[in-house]
Amino acid sequence: MYKILHLIIIISLNQATSYAQHEVHKPLTILISIDGFKPEYLNRGHSKTLLQLGEQGLLAKGLQSTFPSITFPNHYSIVTGLHADHHGIVNNTMYDLQIPNQVFKLSSREAITNPQWWTAAEPIWITLAKHNKTASTLFWPGTEVSIQGKQPMDWLPYEHSMTSIQRVDKLLSWLDRSATQRADFATLYFSEVDSYGHEFGPNSNAVNGAIQRVDDAIHRLIKGLEQLNVLKNTTLVIVSDHGMAEVPNQNQINGSLLTKQYPHLMWEWLGPLAGFQAPKEQRAEILKTLNTEPRMKCWEKSELPKSFNFGTHRRIPDIICLADIGWTISANSNNKTIPGQHGYNPSEQDMHGLLIVNGPRIKPQSIGIVESIDVYLLLCELLSIPPHTNDASRAIADLISH
Ligand code: AMP
Ligand code: ZN
Ligand code: ZN
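This paragraph deals with the overall build of the chain. Along its length, the chain carries 12 helices and 16 strands. Taken over the C-alpha trace, the chain has a radius of gyration of 23 Å; the compact-globule value for 402 residues is 21 Å, and the two agree within 12%. Projected onto the principal axes, the alpha-carbon positions of the chain cover approximately 100 × 45 × 35 Å. Counting across all 402 residues of the chain, residues that qualify as buried make up 46%. When contacts within the chain are restricted to residue pairs at least 6 apart in sequence, those whose partners lie at least 24 apart make up 73%.

Printed below as a string of structure tokens:
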């Protein structure tokens, strides 16, 4: 009897040991986006956790978005390594003659979940699935749509009202599984720093409050990962999609006034980045008028500066205008401006985003300004998967140890 009991104890101890080893050795990569967080926000005394992660890991001076410095294009670039011109999510709002009767906009679930908008690219969770790896995504543009018939293992329809803490808790509940069931890759998306940045401007107390709440939420995530015994093998890749610039109320460019000789002309995009369709024979004349406005620059889409890597996709309007930092293009100068805006030239310091990487393979290091599309190859490296066709360089991926 004693012998049998002894054997049972040895077998269960062995099982426990192998289970624990499995738990310890499976790596986890969590991609966290803090929408609209600029590196300067780290100096405001509201981000103790982020600063600590940056000090102990990799901290970049800035993460330069791909053009345009807008949410959906950049989030999709980070998970595909493609410029917006190539992955096709060229703005938060889009028209496409090949998708008639539908406007792509963030408030339309029907459009956001229509695969036709998304299928030019293969986001990382699809490549992962092809290599028998899984993803738990607590929000990320593209996760709500079936691409090549696949979606992440865990995902939710976007719910703006969910607090930052609730988002962390939901992700932790998905990660609370045995190693074999737990995802290899996770995403987490925080919206409130961007929302308050728009509503009250980047220098407001409201933004400082949001920075603190997101920092607290990341602290809670770390504690939760510790409790699940996965922190040691977790790499956190913390990014933001763009920064935020202050827009004084008088800094408006009346776009409609400039194009009033063309009553049929309809601005498809407005704000720091604006654009519309125009017949070929009228474009030169319209551009001449538009470029009399000193606070913005307009181009035919094919003439955009090479550094933008933007201008060939059919969803980009024929004429593109980009306002100077701190200015906005509106349809009517009586509109009140939005106090904080992004969408400006990604090379502007105010448009730079955040990059912090912290994990077992990351040595403490401060680096300069790097490009957001290059985060993709870092993710592929951490996840040990071959990258899909992409525009990225190994500038960030080569900074980690093997
Ligand atoms: P932007 O207009 O570029 O400032 O976009 C930021 C906004 O995008 C956020 O405040 C959210 O409301 C929205 N957003 C972010 N992610 C998603 C998503 N996955 N689905 C729908 N809307 C989203
Ligand atoms: Zn954004
Ligand atoms: Zn925004």
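So, next bit.
Take the sheet that holds strand 5 (residues 185-190) next. In space, the eight strands of this open sheet follow the order 4-3-5-1-6-15-2-16, with mixed pairing throughout. Pairing within the sheet leaves two strands with one partner each, and these edge strands are strand 4 (154-155) and strand 16 (365-371). In terms of strand pairing, strand 2 (residues 58-64) meets strand 16 through six bridges, oriented parallel. Bridge pairing links Leu59 to Ser366 in strand 16. Across the sheet, helix 7 (residues 164-175) touches strand 3 (135-138), strand 4 and strand 5, and the angle it forms with strand 5 is around 170°.

What follows deals with the site of ligand 1. By nearness alone, 14 residues border ligand 1, and Thr71, Leu106, Tyr158, His160 and Ser191 come closest of all. Taken together, the residues that form the shell around ligand 1 break down as seven nonpolar, five polar and two charged.

So, about the domain arrangement of the chain. Domain parsing of the chain yields domain 1 (28-244 + 346-399) and domain 2 (252-337). Averaged C-alpha coordinates put domain 1 and domain 2 at centres separated by 29 Å. Each partner contributes residues to the interface: domain 1 has 15 residues there, and domain 2 has 13 residues. Of the residues that constitute the side of domain 1 that touches domain 2, the class distribution is six nonpolar, five polar and four charged.

This part covers helix 8 (residues 192-200). Within helix 8 the residues assigned to the buried category are Glu192, Val193, Asp194, Tyr196 and Gly197. Looking at the buried positions of helix 8, the neighbouring elements they touch are strand 1 (28-34), helix 7, strand 5, helix 9 (205-227) and strand 14 (340-341). Just beyond helix 8, the residue with positive phi is Gly201, at close to 90°.

Along the chain, Phe67 connects to Pro68 via a cis peptide bond; the corresponding omega equals 0°. Position of Pro68 relative to the elements: it lies in the loop between strand 2 and helix 3 (71-78). In this structure, Asn101 is a non-glycine residue whose phi angle is positive, near 65°. When you line up the elements, Asn101 lands in the loop between helix 4 (84-87) and helix 5 (109-112). Assessed through the 4 C-beta atoms surrounding it within 10 Å, Asn101 is described here as exposed. Phi at Gln148 is positive, roughly 50°, even though this residue is not glycine. Its 13 C-beta neighbours within 10 Å are what place Gln148 among the partly exposed residues.

By the bridge criterion, two bridges tie strand 9 (residues 267-269) to strand 10 (residues 273-276) in an arrangement that is antiparallel. Bridging from a neighbouring strand, Trp267 pairs with Phe276 of strand 10. The hairpin turn running from strand 9 into strand 10, its antiparallel successor, is three residues long, and Gly271 in that turn takes a positive phi close to 120°. Direction of pairing for strand 10 relative to strand 12 (residues 319-323): antiparallel, over a ladder of four bridges. Pairing of Gly275 across the sheet is with Ile320, part of strand 12.

Right, let's get into the nonpolar core. Counting residues in each nonpolar core, the largest one holds 103 residues, and the members touching the most others are Val237, Ile238 and Leu379. Per element, the largest residue contribution to this core is eight residues, and it comes from helix 9. Mapping this core onto the domain boundaries places at least three of its residues in each of domain 1 (28-244 + 346-399) and domain 2 (252-337). Not counting residues within four places of it along the chain, the set of residues in contact with Val237 comprises Thr29, Leu31, Ile32, Val357, Val375, Leu378 and Leu379.

Another aspect to go through is the packing of helix 7 against helix 9. Contact geometry for helix 7 and helix 9: axes closest at 9 Å, N-to-C directions at 20°. Looking at the two axes, helix 7 sits roughly parallel to helix 9. Judged by the twist between their axes, the crossing of helix 7 over helix 9 is right-handed. Contacts between helix 7 and helix 9 pair Ser164, Ile165, Val168 and Leu172 from the former with Arg213, Val214, Ala217, Arg220, Leu221 and Gly224 from the latter. Of the residues assigned to the contact of helix 7 with helix 9, the class counts are six nonpolar, two polar and two charged.

Chain-level statistics for the chain give a pLDDT mean of 94 and a share of 94% at 70 or above. Counting contacts from residues 1-22, a segment whose pLDDT is below 50, to residues more than four positions away or on other chains yields one contact.

Below, the discussion takes up the pairing of strand 1. Counting buried residues in strand 1 gives seven out of seven residues, a clear majority hidden from the surface. Covered by surrounding structure in strand 1 are Leu28, Ile30, Ile32 and Ile34 together with Thr29, Leu31 and Ser33, the residues of both alternating faces. With six bridges connecting them, strand 1 and strand 6 (residues 234-239) associate as parallel partners. Counted as the bridge partner of Thr29 is Thr235 from strand 6. The sheet contact formed by strand 1 and strand 5 spans six bridges and is parallel. If you follow Thr29 over to strand 5, its bridge partner there is Phe185.

Scoring rules and cut-offs
Residues numbered from 1 in each chain as written. Chains lettered and ligands numbered in written order. Predicted model: local features only at pLDDT ≥ 70, side-chain atom pairs only at ≥ 80, totals over all residues. Helix = DSSP H or I, 4+ residues; strand = E, 2+ residues; numbered from the N terminus. Rg over C-alpha atoms; globule rule 2.2 N^0.38 Å. Buried ≥ 20, exposed ≤ 12 C-beta atoms within 10 Å, placed from the backbone. Contact = placed C-beta atoms within 7 Å. Pairing = 2+ DSSP bridges. Axes fitted to C-alpha atoms, helices over the stretch in contact; angles between N-to-C directions. Near = placed C-beta within 6 Å. Nonpolar A, V, L, I, M, F, W, Y, C, P; charged D, E, K, R; others polar. Domains from an automatic or database assignment. Core = buried A, V, L, I, M, F, W, Y, C linked by C-beta atoms within 7 Å. Parallel < 35°, antiparallel > 145°, perpendicular 65-115°, else oblique. Left-handed = near helix turned anticlockwise from the far one by under 90°. pLDDT = per-residue confidence, 0-100.

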